[in-house]
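# Examining the three-dimensional arrangement
Here is what each chain is made of, one letter per residue.
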Amino acid sequence: MKFLDQAKIYVRSGNGGAGCVSFRREKYIEYGGPDGGDGGKGGDVIVECVDGLNTLIDYRYQQHFKAGTGIHGMGKNRTGAHGDDVVLKVPVGTQILEEDNETIIADLTEIGQKVHLMRGGNGGFGNAHFKSSTNQAPRRANPGLEGEEKWIWLRLKLIADAGLVGLPNAGKSTFLATVSAAKPKIADYPFTTLHPNLGIVQIDGTSFAMADIPGLIEGAHEGTGLGDRFLGHVERTRVLLHLVDGSGEEDPGEAYKVVRGELEAYGAGLTDKPEIVALSKCDALTEDLIAEKSASLEVACGQRPLILSSASGLNVDRALRMIVRAIDRDKEEAANQVPSPEQEGWHP
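The shown structure was predicted, so the numbers you read here are calculated from the model rather than taken from an experiment.

### Topic: the side chain of Asp-35
Within the element layout of this structure, Asp-35 appears in the loop between β1 (6-12) and β2 (45-49). Among buried Asp, Glu, Lys and Arg side chains, Asp-35 stands out as unpaired, with Arg-24 the closest opposite charge at 6.0 Å. A polar contact is formed between the side chain of Asp-35 and the backbone nitrogen of Lys-76, at a distance of 3.0 Å. Aside from chain neighbours lying at most four places away, what touches Asp-35 is Ser-22, Phe-23, Arg-24, Met-74, Gly-75, Lys-76, Asn-77, Asn-127 and Ala-128.

### Some thoughts on a negative patch on the surface
Judged by side-chain charge, Glu-218, Glu-250, Asp-251, Glu-254, Glu-287, Asp-288 and Glu-292 come together as a negatively charged surface patch. Along the chain, Glu-218 turns up in the loop between β11 (206-212) and β12 (239-245).

### A word on the pattern of salt bridges
Scanning all chains against the criterion turns up twelve salt bridges. The shortest N-O distance in the salt bridge between Glu-275 and Arg-260 comes to 3.2 Å. Taken together, the residues Glu-275 in strand β13 (residues 275-280) and Arg-260 in helix α3 (residues 252-266) connect sequence positions 15 residues apart. When salt bridges with common partners are traced through the structure, they connect Lys-41, Asp-44 and Arg-119 into a single cluster.

### Focus: unusual backbone geometry
Excluding glycine, most residues fall at negative phi; most peptide bonds, likewise, are trans. The phi dihedral of Asn-77 falls on the positive side, at around 60°, and the residue is not glycine. Of note, Asn-77 is situated in the loop between β3 (64-66) and β4 (86-90). On the basis of relative accessible area, Asn-77 is assigned to the partly exposed category, the value being 48%.

### Observations regarding the sheet that holds strand β8 (residues 149-156)
Whether parallel or antiparallel, the strands of a sheet pair through hydrogen bonds between backbone atoms. A sheet is described by the order of its strands in space; here five strands give the open sequence β3-β1-β8-β5-β6, paired in mixed fashion. Edge positions in the sheet fall to β3 and β6 (104-108), since each of these pairs with one other strand and no more. The sheet shows a mean angle of 25° between the axes of neighbouring strands, taken without regard to direction. Bridge count between β1 and β8: seven bridges; the pairing is antiparallel.

### Topic: the environment of Ala-319
Looking at the secondary structure, you find Ala-319 in helix α5 (residues 316-336). Put simply, Ala-319 and Ile-307 are twelve residues apart on the chain and 9.4 Å apart in space, counted from C-alpha to C-alpha. Setting aside its immediate chain neighbours within four residues, Ala-319 contacts Phe-175, Leu-306 and Leu-308.

### Concerning the sheet that holds β13
An order of β10-β11-β9-β12-β13-β14 is seen for the six strands of this open sheet, with the pairing classed as mixed. Only two strands of the sheet have a single partner each, and these edge strands are β10 (197-203) and β14 (306-307). Of the strand pairs in this sheet, β10 and β11 are connected by seven bridges, and their pairing is antiparallel. The partner of Asn-197 across the bridge, within β11, is Asp-212. In the packing of helix α4 (residues 287-301) onto the sheet, the strands contacted are β12, β13 and β14, and the crossing angle to β13 comes to about 155°.

### Things to note about the packing of aromatic side chains
Counting across every chain of the model gives three aromatic pairs. One cation-aromatic arrangement involves Lys-8 over Trp-151; the distance from NZ or CZ to the ring centre is 5.6 Å. Positioned above the aromatic ring of Phe-130, the side-chain terminus of Arg-140 is 3.8 Å from the ring centre.

What counts, and at which threshold
All residue numbers refer to positions counted from 1 along the written sequence of the respective chain. Where totals are concerned, whole chains, interfaces and linings use all residues; where local detail is concerned, this predicted model gives features only for residues with pLDDT of at least 70, and gives and counts side-chain atom pairs only at 80 or more. Hydrogens are left out, water is left out, and the side-chain values use all remaining heavy atoms of the structure. Strands here mean DSSP runs of E at least two residues long; helices mean DSSP runs of H or I at least four residues long; both are numbered from the N terminus. Categorising residues by exposure relies on relative accessible area from a 1.4 Å probe, with only protein chains included: less than 20% of the type maximum marks a residue as buried, more than 50% marks it as exposed, and the intermediate range marks it as partly exposed. Counting rule applied: Lys, Arg positive; Asp, Glu negative; His and chain ends not counted. Definition used for salt bridges: Asp or Glu carboxyl oxygen within 4 Å of a side-chain nitrogen of Lys or Arg. Contacts described as polar in this section are N or O atom pairs within 3.5 Å, which, within protein, must combine one atom able to donate a hydrogen with one able to accept it, while residues neighboring in sequence count only if both atoms come from side chains. By the convention used here, residues are in contact when the closest approach between their heavy atoms is within 4.5 Å. Candidate patch residues must exceed 30% relative accessible area and have no salt bridge, after which like charges are joined if within 9 Å and Val, Leu, Ile, Met, Phe, Trp or Tyr side chains if within 5 Å. Here the open area of atoms and residues is found with the Shrake-Rupley method and a 1.4 Å probe, where only the protein chains shown may cover a residue. Charge positions are represented by NZ for Lys, CZ for Arg, CG for Asp and CD for Glu. Should DSSP find at least two bridges between two strands, the strands are regarded as paired. Each axis is a line fitted through C-alpha atoms, taken for helices only over the stretch in contact, and angles between the N-to-C directions span 0 to 180 degrees. Stacked, edge-to-face and tilted labels apply to pairs of Phe, Tyr and Trp rings (six-membered ring for Trp) whose centres lie within 6.5 Å, assigned for plane angles under 30 degrees, over 60, and everything in between, in that order. Any Lys NZ or Arg CZ that is within 6 Å of a ring centre and within 35 degrees of that ring's normal is treated as a charge sitting over the ring.

In structure tokens form, the structure reads like this:
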């Protein structure tokens with residue numbers, strides 16, 4: 001299935017049905033009076049977060065969604081039926097944004113969440129509604145109210161506990177394939193990964209989700225290479241595993257600084273997340289080269305990097321245990337944070 005993490009769609013709620021002008025006319029009934037029913041309410045536009053989806057591909061082939069119109073009222077005080085709602089089913093982690101693609105309307109992070117995006121128009125009153133002691137034969141009814149319409153953006157941000165970042169060919173996809181059942185494309189050329197991959201990792205009886213995104217290069221925040229749009233998929237992670245290719249000709253310290261510069265330019269708090277730095281592909285290096293490149297990377301990142309090889313399994317389990325500890329620390333800190341009155345919904 002093709003991965004699609006962003007889609008622009010048109011949504012419209014239903015118009016309300018019109019009220020009816022009608023009078024009761026039956027044999028032997030002298031004073032029938034008005035009996036026009038009210039119109040039905042128009043359908044709503046609802047967005048629902050469901051299980052079993054991991055892409056917005058459904059909105060690639062259909063971009064217009066319209067709720068049903070309310071049925072008009074009828075005689076004998078019959079109220080029109082409500083219009084059918086239109087329900088947009090989206091995967092976990094989907095954000096709904098205004099047409100400017102910046103203003104967030106809702107953020108769906110749990111299965112079962114629903115957002116009533118737009119309400120349908122109310123149905124109009126029939127002439128029976130206007131009957132009074134001074135107006136016993138009203139000959140007017142209200143038309144139904146019109147529904148709302150607008151263009152919105154759907155943007156998917158994967159829900160993962162840990163994220164893999166690094167330059168192209170840093171070994172991110174190989175690492176993900178080694179530690180999970182995910183099967184990302186792996187090849188010996190840059191930008192093999194063209195869309196994010198998600199895998200479930202298990203270690204010591206604990207499991208967590210890990211996201212692998214396409215590699216970053218210098219200038220990615222300006223659109224160079226594949227750009228930095230895919231960084232949105234690691235915004236929700238609790239820890240980042242930064243892989244630096246040890247087998248390449250580029251200095252590991254400089255490679256680390258390039259990626260950190262792109263994370264800082266992107267913003268969204270990515271540089272504030274706990275980071276585990278690893279020198280990857282070390283099975284292809286001699287001990288002297290490992291020591292030299294590790295020292296350069298340590299100077300750049302300010303911490304002792306992990307010597308890693310996904311191919312040979314060197315320190316793979318150790319990296320996973322470090323990730324688990326970082327995730328647990330982040331969860332504990334989040335649980336101990338006392339919410340402010342504004343977060344609790346309290347207002348003086």
